[in-house]
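Spelled out, the chains give:
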Amino acid sequence: MARLDLDDLPPKIAALLSGLSNGDELILVQNGVVVGRLTASNEAGVATEPPPSPEQSLREVAEDFRAAIEDGF
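Residue numbering note: each chain is counted from 1, following its sequence as written. At least 70 in pLDDT is required for a residue's local features to be given in this predicted model, at least 80 for side-chain atom pairs to be given and counted, and no such filter applies to totals for whole chains, interfaces and linings, which use all residues. To get the side-chain values, all heavy atoms of the structure are used, and hydrogens and water are removed first.

Student: Describe the pairing of strand β2 (residues 33-39), listing the residues and the values that go with them.
Tutor: Note on pairing: two strands pair once DSSP finds at least 2 bridges between them. In DSSP terms, a helix is any run of H or I states spanning at least four residues, a strand is any run of E spanning at least two, and both are numbered starting from the N terminus. By the bridge criterion, six bridges tie strand β1 (residues 25-30) to β2 in an arrangement that is antiparallel. Each residue of the ladder has a partner; that of Ile27, found in β2, is Arg37. Linking β1 to β2, which pair antiparallel, is a turn of two residues; within it Asn31 sits at a positive phi near 55°.

Okay, structure coming up:
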């Protein structure tokens, strides 16, 4: 993931970016051509899954290993 520090940008651009609301889109244009599209997101509103338990992780690794061995023979 790329990271952009607003302190490194000119004040006008930093204000535009920090003023975007959740769901607002920003279109990046270069020489009259759209080169990118960003959608603002509020991190607090993004649901994240809790990390798997160590037992679940070990179980998945073992299943993947067993499947790889079986596919190899």
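Student: Outline the pattern of salt bridges, supporting the account with residue identities and numerical values.
Tutor: A pair is scored as a salt bridge if a Lys or Arg side-chain nitrogen falls within 4 Å of a carboxyl oxygen belonging to Asp or Glu. Counted by the stated rule, this structure contains two salt bridges. Glu25 serves as the salt-bridge partner of Arg37, at 3.5 Å between the closest nitrogen and oxygen. A residue pair is termed long-range when its members are at least 10 positions apart, and Arg37 in strand β2 and Glu25 in strand β1 qualify at 12 residues. Of the charged contacts in the structure, one is a salt bridge between Glu70 and Arg66, with a shortest N-O distance of 3.2 Å. Taken together, the residues span about one helical turn, with Glu70 and Arg66 both in helix α2 (residues 54-72) at a distance of four residues.

Student: Account for the environment of Asp24, naming residues and giving values.
Tutor: If you trace the backbone, Asp24 turns up in the loop between α1 (11-18) and β1. The cut-offs for exposure are 20% and 50% of the maximum accessible area for each residue type, with area from a 1.4 Å probe on protein chains only; residues under the lower value are buried, those over the upper are exposed, and the others partly exposed. For Asp24, a relative accessible area of 32% corresponds to the partly exposed category. On a C-alpha basis, the gap between Asp24 and Leu38 in space is 8.3 Å, while along the polypeptide they are 14 residues apart. In this analysis, two residues are considered to be in contact whenever any of their non-hydrogen atoms come within 4.5 Å of each other. Excluding its chain neighbours within four sequence positions, the residues that come into contact with Asp24 are Leu38, Thr39 and Ala40. Whenever two N or O atoms come within 3.5 Å, that pair is a polar contact, provided that in protein one can donate a hydrogen and the other can accept it, and provided that, for residues adjacent in sequence, both atoms are side-chain atoms. At 2.8 Å, the side chain of Asp24 and the backbone nitrogen of Ser21 are in polar contact.

Student: If you had to explain unusual backbone geometry to someone new, which residues and values would you point to?
Tutor: The residue Asn31 is not glycine, and still its phi comes out positive at about 55°. Within the element layout of this structure, Asn31 appears in the loop between β1 and β2. According to the relative accessible area criterion, Asn31 is exposed, its value standing at 77%.

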